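Listed here are the chains, written in short residue letters.
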Amino acid sequence: MQMEKTFSRTVGVSIVVHRTPPHQLSAAIGCIVRSGHVARIHVVDNSPDDSLRGMVESFPDRRVVYERMDNLGFGAGHNVAMRRSLAEGLEFHLVMNADVCWEGDVIGDMVSFMRLRPDAGMSMPRVRYPDGMLQYACRMLPTPLDLFAKRFLPAGLSRKRMRRYLLADADHRCEFNPPYLLGSFLFFRCEALREAGLFDERFFMYPEDIDITRRIHAVRPTLFFPGAEIVHHHAAASRRSWKMLRIHAVNMIRYFNKWGWFSDRERRAFNRRLLAELPRSADPEPGRG
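Just so it is clear, the structure is predicted and the values come from calculations on it, not from any experiment. Every chain is numbered independently, its residues counted from 1 as its sequence is written. For this predicted model, a pLDDT threshold of at least 70 governs which residues receive local features, and a threshold of 80 or more governs which side-chain atom pairs are given and counted, while totals over whole chains, interfaces and linings are taken from all residues. As a rule here, side-chain values come from all non-hydrogen atoms in the structure, and water together with hydrogens is ignored.

## Description of the overall build of the protein chain
Working step 1: A run of H or I in DSSP becomes a helix once it reaches four residues, and a run of E becomes a strand once it reaches two; helices and strands are each numbered from the N terminus. Looking only at helices and strands, the protein chain features 11 helices and 12 strands.
Working step 2: Atoms considered for the radius of gyration are the C-alpha atoms alone. The globule rule reads 2.2 Å times the number of residues to the power 0.38. For a compact globule of 289 residues, the expected C-alpha radius of gyration is about 19 Å, and the protein chain comes in at 18 Å, within 12% of that figure.
Working step 3: C-alpha atoms of the protein chain, sized along the principal axes, occupy 55 × 40 × 35 Å.
Working step 4: Remark: exposure states derive from per-residue accessible area (1.4 Å probe, protein chains only) relative to the maximum for the residue type, with buried under 20%, exposed over 50%, and partly exposed in between. Looking at the protein chain as a whole, 54% of its 289 residues qualify as buried.
Working step 5: Contacts are residue-level and defined by heavy atoms, with any inter-residue pair within 4.5 Å sufficient. Taking the contacts inside the protein chain whose residues are at least 6 apart along the sequence as the reference set, 80% of them involve residues at least 24 apart.
Working step 6: Using the Shrake-Rupley algorithm and a 1.4 Å probe, accessible areas are obtained, with residue cover drawn only from the displayed protein chains. Split by element, the accessible area of the protein chain, about 13400 Å² in all, is 55% carbon and sulfur.

## Description of the environment of Met 114
Working step 1: When you line up the elements, Met 114 lands in helix α5 (residues 106-116).
Working step 2: Between the alpha carbons of Met 114 and Ile 210 there is a distance of 21 Å; along the sequence they are 96 residues apart.
Working step 3: Excluding its chain neighbours within four sequence positions, the residues that come into contact with Met 114 are Phe 92, Ala 120, Gly 121, Met 122, Ser 123, Phe 187 and Arg 189.

## Details of the side chain of Asp 264
Working step 1: Turning to its location among the elements, Asp 264 is positioned in the loop between α10 (242-259) and α11 (265-277).
Working step 2: Residue Asp 264 is classed as buried on the basis of its relative accessible area, which comes to 4%.
Working step 3: Any N or O atom pair separated by 3.5 Å or less is treated as a polar contact, with the protein-specific requirement of one donor-capable and one acceptor-capable atom, and with residues adjacent in sequence counted only for side-chain atom pairs. Here Arg 214 takes part through its side chain, which lies 3.0 Å from a polar atom of the side chain of Asp 264.
Working step 4: In contact with Asp 264, not counting residues within four places along its chain, are Arg 214 and Trp 259.

## A few points about the packing of aromatic side chains
Working step 1: Under the pairing criterion, centres of Phe, Tyr and Trp rings, with the six-membered ring standing for Trp, must be within 6.5 Å; the plane angle then separates stacked pairs below 30 degrees from edge-to-face pairs above 60, leaving the rest tilted. The final tally for this structure, using the stated rule, is nine aromatic pairs.
Working step 2: Here Phe 92 and Phe 187 contribute two aromatic rings whose centre-to-centre distance is 5.2 Å and whose plane-to-plane angle is 35 degrees, an arrangement assigned as tilted. Pair noted here: Phe 92 is in strand β4 (residues 92-96) and Phe 187 is in strand β10 (residues 185-189), with a separation of 95 residues, a long-range link.
Working step 3: Classification of Phe 187 by relative accessible area gives buried; the value is 0%.
Working step 4: For the pair Phe 176 and Phe 224, a centre-to-centre distance of 4.9 Å together with 40 degrees between the ring planes defines the contact as tilted.

## Some thoughts on a nonpolar patch on the surface
Working step 1: There is a patch of nonpolar side chains on the surface, built from Ile 253, Trp 261 and Phe 262 and spanning about 340 Å² of accessible area.
Working step 2: Examined against the element boundaries, Phe 262 turns out to sit in the loop between α10 and α11.
Working step 3: For Phe 262, a relative accessible area of 68% puts it in the exposed group. In this scheme, patches are assembled from residues that exceed 30% relative accessible area and form no salt bridge. Like charges are connected within 9 Å, while nonpolar side chains (Val, Leu, Ile, Met, Phe, Trp, Tyr) are connected within 5 Å. Salt bridge, as used here: a side-chain nitrogen of Lys or Arg that lies within 4 Å of a carboxyl oxygen of Asp or Glu.

## Some points on unusual backbone geometry
Working step 1: One non-glycine residue, Arg 19, lies in the positive phi region at around 55 degrees.
Working step 2: Mapped onto the secondary structure, Arg 19 falls in the loop between β1 (11-17) and α2 (22-32).
Working step 3: The phi angle at Leu 167 is positive, at roughly 55 degrees, despite the residue not being glycine.
Working step 4: Note on placement: Leu 167 falls in the loop between α7 (155-165) and β9 (180-181).
Working step 5: Judged by relative accessible area, which is 2%, Leu 167 ranks as buried.

## Some details on the pattern of salt bridges
Working step 1: Overall, the coordinates contain 24 salt bridges when judged by the stated rule.
Working step 2: Across the salt bridge formed by Arg 117 and Asp 119, the nearest N and O atoms sit 2.9 Å from each other.
Working step 3: Taking relative accessible area as the criterion, Asp 119 reaches 35% and is therefore assigned partly exposed.
Working step 4: In this structure, the salt-bridge partner of Arg 202 is Asp 200, at a minimum N-O distance of 2.7 Å.
Working step 5: The class of Arg 202 is exposed, set by a relative accessible area of 53%.
Working step 6: Exposure remark for Asp 200: the relative accessible area of 11% places this residue in the buried category.
Working step 7: Through salt bridges with shared partners, a single network forms among Asp 200, Arg 202, Asp 211, Arg 215 and Lys 258.

## Quick look at the nonpolar core
Working step 1: Here the nonpolar core consists of buried residues drawn from Ala, Val, Leu, Ile, Met, Phe, Trp, Tyr and Cys, with membership extended through side-chain atoms lying within 4.5 Å. Within the largest apolar cluster, 79 residues are counted, with the highest numbers of intra-cluster contacts made by Leu 25, Met 96, Trp 102, Phe 185 and Phe 188.
Working step 2: Top element by residues in this core is α5. It accounts for six residues.
Working step 3: Residues contacting Met 96, with those up to four places away along its chain left out, are Val 13, Ser 14, Ile 15, Val 16, Ala 28, Ile 32, His 78, Trp 102, Ser 184 and Phe 185.

## Considering α10
Working step 1: One fewer than the residue count of a helix, multiplied by 1.5 Å, yields its expected span. With 18 residues, α10 extends 26 Å from end C-alpha to end C-alpha; this agrees with the ideal 26 Å at 1.5 Å per step.
Working step 2: Among the residues of α10, those classed as buried are Met 244, Leu 245, Ile 247, Asn 251, Met 252, Tyr 255 and Phe 256. Angularly, the buried residues of α10 cover 165 degrees about the axis, an arc narrow enough to put them on a single face. Exposed positions of α10 whose direction lies more than 90 degrees from the buried face are Trp 242, Lys 243, Arg 246 and Asn 257.
Working step 3: At the exit of α10 stands Gly 260, carrying a positive phi of roughly 115 degrees. Directions from the helix axis toward the C-beta atoms define the arc.

Coordinates in, geometry out; function isn't part of it.
See the structure below:
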């Protein structure tokens, strides 16, 4: 029995926090520790102080590890834990936000799914808002116009374009293979991280999930798995803060400088293939991005 339990612990988990409400982080950790598949839970604290240390270290589960570091960005914080998962020879690594929770053993469901799909590089479950509304967490690779329309144009003018970009007409009861998975809950196969690389630390925040998904998508499927479900209390900080909007804009400029603004052949090829293969529904479940 003990050997089986040890063998099952093949998932590293990382949560990067910055002035995160303690109750929110505690709830997220509580969901993770229910899974016997988890080997280690890294809480990487980018806050200006270590006020979360006591709460994290009070967890009786020794798999929970607290580490405070300078705030070098979302991706840089997760890379610290991802490198440890790779060094320890773990099979999977989960990157998740502190504002995520779920019922049951979602991590176990993700492990089972990924073992049934050994070709897959990463995956994401169905995501809902706290009110039960579907969150459009699987998307096309964005063009500059997609992001401008989503941020600044009235909904009536951009509705058709946004439904296409957010895959709103997809049948979310079916598995599909999008090139962009939102960074709230990313379940990586460690072998795929060795092939495609970790987060690009040039991005302080926001487009690092687009960048890493498309790099893995270039070598392996990046799958939406409807058989598991989480709740994401999406804060959308850049919609409420001019400072975060500026950070968002600067890092999206870096993203398009890296991959191409209006000439991005890979983006065009990935999006064309996605739309050709996408399972569609005549009566899609309503949601929002």
